[in-house]
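In case you want the letters, here they are:
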Amino acid sequence: MLTRGEHRASRAAGLAALMAIGLALAVPIAVLLTHGESTGVTSNQGDYLIRITRFTLMQAGLSTLLSLVFAVPLARALARRPDFAGRRWLIKLFAVPLGLPPLVAALGLIEVWGRNGVANKGLGLMGAETPFSIYGLSGILLAHVFFNLPLAVRLILPALERLPPEYWKTAANLGMSGLSLFRRVEWPAMRRSAASAAGLVFMLCATSFTLVLVLGGGPAATTLEVAIYQALRFDFDPGRAVLLSLIQISMTLIVMLVLKFLGTPAEEGETKGGGTNRPDVQGGLHLLPDAVLIGLGGLFVGAPMAAVVVSGLSADLSRLLTDALFWRAAGTSLSIGISAAALSVLLAACLVRARYSAGHRPRSVPLGLLAGLSGAAGSLTLLVPPVVLGAGWFLLLGGGAGQLLAPLMVIVLINALMALPFVMRVLEPAHQNTLERNGRLAVSLGVVGRHRLSQIDIPAMLPAFATGFVFAVALSLGDLGAIALFGSDRIVTLPWLLYQKLGSYRTADAAGLALLLGAITMALMIVAEKLGTRNGSVDR
Amino acid sequence: MRQHRAIAFDGVAYGMGELSAAFDFRRQSGTVTAILGPSGAGKSTLLNLAAGFLTPASGRIILDGRDVTGLAPSERGISMVFQDNNLFAHLDIRTNIGLGLDPALKLDRAAWTQVDKALERVGLAGFGKRMPATLSGGERQRVALARAFARRRPLLLLDEPFDGLGPGLAADMLGLMLEIRAEVGATVLMVTHDPDEARAASDQILFIAKGRIAADAPADGFFERRDLPDLQAYLGSGPV
């Protein structure tokens, strides 16, 4: 419950936030469009564009297919075995790739699946002639499956665990075989979440930048995002970058519309330690297929992370920690992260309150627009991927060479926008909660306006603010997309430093750096999660 | 039907410590037994042991003359009706019953006729193509009874199936259940917490307290007994 004055203030703040986001998106797009007008498409370039677009869609499609083909049986196996030792940890492990900086994961994958990695040694022993290649299409697919298989499992598993226990008892009583049960009960239950997981995975893979940059990148394995980066950074061909950006935006727009058409967005449900008992599932030898599947899944996801730790620990960490460049990069990363997180939380808070003020059933068109746009602001940033945003600003700043403050501000802005949907998802329920609980009381006591913000609403939402903030810092800390265009001798962040070490084959340094970066982001993610759960228990 | 043992629990033990349960009883074929007791006493444990959802630590379970202790639920010759979620919500009524005849749903024309007959029997003719969500709670339970009717298994296990239906509807359903039982010739174990239901439907009582059978007696006059403190506590302070 808000007073009239508070409504006015909330809506004004929301409008301001929307305008800021709108500008941040519109300026680069306008720059891209005006640049685009002055460059024509030659037929030669046309072939190139078509090839890149086709590859982008193809690798995203294959990545999605592979992720789902393994995620569905794995989720099923996990649902069938609700209480083996370590199940909780395995499911926690499956949440890690979501927060892991792609660059760190790429390093772990190279350790395991690279030419000299464990996997190829094993394949060699088994008599494989040609080693698996971590670079090119196969590497990109592997990395995408590494990130998205666990995500898909976490999205699909709750659909099975939500089914009433009587289903499994009835299935056991009637004697439904595994196949019949899958066809008639499990698959119908998984279908919806599998479809939305597929949509989300496709979107993530179609806009994936870092993994493709590190593992692909050659002319035969380049996606739109990486091609934009290459056009600007290496060839300085703004015309091509503009065309690629426009293709990228239309592609994500189409994918998003299709996803919207397909139905509800994927939402991770409750995946706690134990599921429901499964009297329909037999033990003994029947255990074997499930055990093998779960074991392989755990190994596939866990091995690259373990490899990061092992190779990182064997690097010369003490030398790395005394390197002035490392501390400079850490300082820059942290400053960018904190600024981006602050901006993101501020924007999200304004949008959330404006949305609340406009109400669930807005009474007028402008209010409806305000509510709708405030909600959509998060996903708008998905529409225009960081590299595209960066490309626009890059052109506006004339390449950003020799400048310091402007590129830094752009990076902060892009990182803040990237974190926005996540931060909003944390703040929205907390805000709803505090207003429902304290709203009437505050108004009846006359604690309104500025006083209410400082005395009631902000303190009550502090845990949520902290969660969103820490999460945004972690996200920014691991991001290579925004810095890639602007990184230079003067602007060095941790991911940028890691990328350069990788590029110059300083493998040991890269391993140590990856461990440090991975550890910092993981620690922040854990803090954010802890704050989040404490937040939940305080609210109750 | 010849009178023989339909059910025997021979020194069946399950679980350990506080939550342990131990059951030993037998029933003649064609009888209806009401299982009563405070919540958490182990009524459902007993039913789940009979159904094969739980495996006893020791002892034997004999159903219809066969030792079924090591058999899977589907091999025991039982039908089961729960309080809720008896039907797969995304499958239509005919499919839900059809799965009871063949778990892979490979049914010939005669089998589908059987499905329709079962629906007719419970007064739901023509409901076959409807989805469970479009039926009332009572109608859904009748479909579950129809499935049990179509399956014609010698043992029928009921886990508070008429709970939450309201007294009138519950009485109707109980009547229907008894008719179906008589037609199939099944032996019934029925968990309930309603003494009236037990009085109306059953000829024997198993009273469970703290994981043990506190009383195994005919239903006639059972609720008037004064020698069972657990029963007194369960029924509440009656006339002293």
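Just so we're clear, the structure is a prediction, and the values are computed from it rather than from any experiment.

About the criteria used
- Residues numbered from 1 in each chain as written.
- Chains lettered and ligands numbered in written order.
- Predicted model: local features only at pLDDT ≥ 70, side-chain atom pairs only at ≥ 80, totals over all residues.
- Heavy atoms only, no water.
- Helix = DSSP H or I, 4+ residues; strand = E, 2+ residues; numbered from the N terminus.
- Rg over C-alpha atoms; globule rule 2.2 N^0.38 Å.
- Buried < 20%, exposed > 50% of the residue type's maximum accessible area, 1.4 Å probe, protein only.
- Contact = heavy atoms within 4.5 Å.
- Areas by Shrake-Rupley, 256 points an atom, 1.4 Å probe, with all protein chains shown as cover.
- Buried area = accessible area lost by both parts, 1.4 Å probe.
- Salt bridge = Lys/Arg side-chain N within 4 Å of Asp/Glu carboxyl O.
- Polar contact = N/O pair within 3.5 Å; in protein donor to acceptor, adjacent residues only side chain to side chain.
- Nonpolar A, V, L, I, M, F, W, Y, C, P; charged D, E, K, R; others polar.
- Pairing = 2+ DSSP bridges.
- Patch = residues over 30% accessible without salt bridge, like charges linked within 9 Å, V, L, I, M, F, W, Y side chains within 5 Å.
- Phe/Tyr/Trp six-rings, centres within 6.5 Å; stacked < 30°, edge-to-face > 60°.
- Axes fitted to C-alpha atoms, helices over the stretch in contact; angles between N-to-C directions.
- Parallel < 35°, antiparallel > 145°, perpendicular 65-115°, else oblique.
- Left-handed = near helix turned anticlockwise from the far one by under 90°.
- Expected span 1.5 Å × (residues − 1).
- Arc of directions from axis to C-beta.
- Core = buried A, V, L, I, M, F, W, Y, C linked by side-chain atoms within 4.5 Å.
- Domains from an automatic or database assignment.

Now for the overall build of chain A. Of regular secondary structure, chain A possesses 22 helices and zero strands. In terms of C-alpha radius of gyration, chain A reaches 24 Å, essentially the compact-globule figure of 24 Å for 540 residues. On the principal axes, the C-alpha backbone points of chain A span a range of 70 × 60 × 55 Å. Expressed as a percentage of its 540 residues, the buried residues of chain A come to 53%. Put simply, 82% of the contacts in chain A that link residues at least 6 apart link residues at least 24 apart. Looking at chain A as shown, the accessible area adds up to about 24300 Å², and 67% of this sits on carbon and sulfur atoms.

Tallying the contact residues gives 24 residues for chain B and 17 residues for chain A. Carbon and sulfur atoms supply 62% of the area that chain B and chain A bury against each other, a total of about 1800 Å² over both sides. Linking chain B with chain A are zero salt bridges, by the criterion used here. There are eleven residue pairs in polar contact (both at pLDDT 80 or more) connecting chain B and chain A. Looking at the side of chain B that touches chain A, the elements with two or more residues in it are strand S6 (78-81), helix H2 (93-101) and helix H4 (137-151) of chain B. At three residues, S6 of chain B tops the list of elements feeding residues into the side of chain B that touches chain A. Residues belonging to the side of chain B that touches chain A are distributed by class as follows: 14 nonpolar, seven polar and three charged.

Moving on: the pairing of strand S4 (residues 58-63) of chain B. Residue and element names in this part refer to chain B. In this sheet, S4 lies alongside strand S1 (residues 5-14) in antiparallel orientation, the contact comprising five bridges. Following the sheet pairing, Ala8 is matched in S4 by Ile62. Turn length for the S4-strand S5 (residues 66-67) hairpin, with the two strands adjacent in sequence and antiparallel, is two residues, and the turn residue Asp64 shows positive phi of about 55°.

Here we come to a nonpolar patch on the surface. A contiguous nonpolar patch, built from Met58, Leu62, Leu65, Leu66, Val69 and Phe70 of chain A and spanning about 500 Å² of accessible area, is present on the exposed surface. Inspection of the secondary structure puts Phe70 of chain A in helix H2 (residues 43-80).

Turning our eyes to something else, we now look at the packing of aromatic side chains. We describe a pair of aromatic rings using the distance from one ring centre to the other and the angle between the two ring planes. Counted by the stated rule, this structure contains 17 aromatic pairs over all chains. Pairing Trp113 of chain A with Phe300 of chain A gives two aromatic rings, centres 6.3 Å apart and planes at 70°, and the pair type is edge-to-face. Of the two residues, Trp113 of chain A is situated in helix H5 (residues 102-113) and Phe300 of chain A in helix H13 (residues 287-314); the sequence distance between them amounts to 187 residues. Looking at Phe300 of chain A, the relative accessible area reads 17%, which means it is buried. With 6.5 Å between their ring centres and 45° between their planes, Phe207 of chain B and Phe222 of chain B make a pair best called tilted. With a gap of 15 residues between them, Phe207 of chain B in strand S9 (residues 204-209) and Phe222 of chain B in the loop between strand S10 (212-218) and helix H7 (229-235) connect regions that are remote in the sequence.

Okay, the pattern of salt bridges next. Once the charged atoms of two side chains with opposite charge are near each other, the side chains can pair. Counted under the stated rule, the structure contains 28 salt bridges over all chains. For Asp196 of chain B, the salt bridge goes to Arg199 of chain B, with nearest N and O atoms at 3.3 Å. Note that Asp196 of chain B and Arg199 of chain B are positioned in helix H6 (residues 195-201) at a spacing of three residues, about one turn of the helix. Here the salt bridges do not stand alone but share partners, grouping Asp316, Arg319, Lys501, Arg506 and Asp509 of chain A into one network.

Residues and elements named next belong to chain A. Following both chains from N to C, one finds helix H8 (residues 165-174) and helix H9 (residues 178-206) inclined at 160°, their axes separated by 12 Å at the closest point. The angle between H8 and H9 falls in the class roughly antiparallel. The two elements H8 and H9 meet at a crossing, and its hand is right-handed. Of the residues in H9, those in contact with Tyr167, Trp168 and Ala171 of H8 are Leu181, Val185 and Glu186. Here the residues of the contact of H8 with H9 sort into five nonpolar, no polar and one charged.

The next subject is helix H5 (residues 167-184) of chain B. All names here are of chain B. Relative to the 26 Å expected for 18 residues at 1.5 Å per residue, H5 spans 26 Å between its end C-alpha atoms, a close match to the ideal helical length. Those residues of H5 lying buried are Ala170, Met173, Leu174, Leu176, Met177, Ile180, Arg181 and Val184. Along the long axis of H5, the arc covered by the buried residues comes to 165°, so they all point the same way. Facing away from the buried surface of H5 by more than 90 degrees, the exposed residues are Asp172 and Ala182. Following H5 by one or two positions, Gly185 adopts a phi angle in the positive range, close to 75°.

Counting 209 residues, the largest nonpolar core has Phe146 of chain A together with Leu145, Met177 and Phe222 of chain B as the members making the most contacts within it. Three or more residues apiece are contributed to this core by two domains, here domain 1 (1-77 + 153-240) and domain 2 (89-152) of chain B. With near-sequence residues (within four places) excluded, Phe146 of chain A lies in contact with Pro97, Leu100, Ala105, Leu109, Phe300, Val301, Pro304 and Met305 of chain A. Counting 29 residues, the second-largest nonpolar core is a separate cluster that includes Ala6, Phe23, Leu46 and Leu47 of chain B.

When you line up the elements, Val201 of chain A lands in helix H9. For the pair Val201 of chain A and Met19 of chain A, spaced 182 residues apart in sequence, the C-alpha to C-alpha distance is 30 Å.

What follows deals with the domain arrangement of chain B. Residue and element names in this part refer to chain B. On domain assignment, one finds that chain B holds domain 1 (1-77 + 153-240) and domain 2 (89-152). On a C-alpha basis, the centres of domain 1 and domain 2 stand 26 Å from each other. Between domain 1 and domain 2, the residue contacts involve 14 residues of the former and eleven residues of the latter. Both faces combined, the contact of domain 1 with domain 2 buries some 1200 Å², and carbon together with sulfur accounts for 64% of it. Inspection of the domain 1/domain 2 interface yields two salt bridges. For Arg121, the salt bridge goes to Glu179, with nearest N and O atoms at 2.7 Å. Linking domain 1 with domain 2 are four residue pairs in polar contact (both at pLDDT 80 or more). Per-element accounting of the side of domain 1 that touches domain 2 gives the leading share, eight residues, to H5.

To continue, consider unusual backbone geometry. All names here are of chain B. For Asp64, which is not glycine, the phi torsion reads 55° and is therefore positive. Positionally, Asp64 belongs in the loop between S4 and S5. Judged by relative accessible area, Asp64 falls into the partly exposed class, the value being 38%.

Residue and element names in this part refer to chain B. Pairing geometry for S1 and strand S2 (residues 21-28), over seven bridges, is antiparallel. Counted as the bridge partner of Tyr14 is Ala21 from S2. Adjacent in sequence and paired antiparallel, S1 and S2 are bridged by six residues, among which Gly15 carries a positive phi angle near 75°.

Below, the discussion takes up the environment of Val470 of chain A. All names here are of chain A. With respect to the helices and strands, the residue Val470 is situated in helix H19 (residues 450-477). A relative accessible area of 13% means that Val470 is categorised as buried. For the pair Val470 and Val258, spaced 212 residues apart in sequence, the C-alpha to C-alpha distance is 33 Å. Ignoring sequence-local partners within four residues, the contact set of Val470 consists of Leu524, Val527, Ala528 and Leu531.

The next point concerns the packing of H4 of chain B against H5 of chain B. Residues and elements named next belong to chain B. Two elements in contact, H4 and H5, have axes separated by 10 Å at closest approach and are oriented at 5°. In terms of axis orientation, H4 runs roughly parallel to H5. Seen from H4, the contacting residues are Gly138, Gln141, Arg142, Leu145 and Phe149; seen from H5, they are Leu169, Met173, Leu176, Met177, Ile180, Glu183 and Val184. Residue classes in the contact of H4 with H5 are distributed as eight nonpolar, two polar and two charged.

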